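Here are the chains, one letter per residue:
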Amino acid sequence: MQFGKGKARPVAELSGSELIDEEAHRAGFCKVRAARRTELAEDYIELIDDLITHQGEARQVDIAARLGVTQPTVAKMLRRLAEDDLVENRRYRGVFLTEAGRTMAGETRRRHAVVERFLLALGVSPDTARQDAEGIEHHVSAETLTAMRCFTDK
């Protein structure tokens, strides 16, 4: 790759004020957009799993209260999750995870645990590590997650 005036550089070679390579920029942006699309679904699925585990059921009112959203917002998301075969809504009985939903909850929980352990190993306080891991877990790549796991397993 040429590095003349007006040419983009690979991300690793940037000083901070230069434009990154177009393909690298596009790939990074696409990855973030994809993660954002799944982030909310993963948060709902993980919460539903937690509610079922700890309370025996997951109801729309409980989901809304824990996420700080309205029940119509929860109902809309639950319809989307049902269309994606992640949850099953049973009239007058609450919300249940499908096998795919349980798998997603487990994977999300494992990613969260790795990120949280990594942040704790860096010296981040437990509350901050838990809160930060909640966002990072949805965006971290498999490569970075493996590196975090290796770092904390030493």
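Reading guide: rules and limits
- Residues numbered from 1 in each chain as written.
- Predicted model: local features only at pLDDT ≥ 70, side-chain atom pairs only at ≥ 80, totals over all residues.
- Heavy atoms only, no water.
- Helix = DSSP H or I, 4+ residues; strand = E, 2+ residues; numbered from the N terminus.
- Buried < 20%, exposed > 50% of the residue type's maximum accessible area, 1.4 Å probe, protein only.
- Lys, Arg positive; Asp, Glu negative; His and termini not counted.
- Salt bridge = Lys/Arg side-chain N within 4 Å of Asp/Glu carboxyl O.
- Contact = heavy atoms within 4.5 Å.
- Core = buried A, V, L, I, M, F, W, Y, C linked by side-chain atoms within 4.5 Å.

To continue, consider the side chain of Glu46. With respect to the element layout, Glu46 can be found in helix α1 (residues 22–55). Here Glu46 sits buried without a salt bridge, and the closest side chain of opposite charge, Arg109, lies 4.2 Å off (N-O distance). The contacts of Glu46, once residues within four sequence positions are left out, are Ala105, Thr108, Arg109, Glu134 and Glu137.

With that out of the way, let us pick up the nonpolar core. When a protein is soluble and globular, its nonpolar side chains tend to lie buried together. Among the nonpolar cores identified, the biggest contains 19 residues, and Ile45, Ile48, Ile63, Leu81, Val87 and Val95 are the most heavily contacted of them. At the level of secondary structure, the elements contributing two or more residues to this core comprise α1, α2 (60–67), α3 (71–83), β2 (94–97) and α4 (99–121). Examining the composition of this core, we find that 6 residues originate from one element, α1, more than from any other. Ile45 has contacts with Leu81, Leu86, Val87, Leu97, Gly101, Met104 and Ala105, leaving out every residue within four places of it along the chain. Of all hydrophobic cores here, the second largest spans 9 residues; its members include Val115, Leu119, Ala129 and Ala133.

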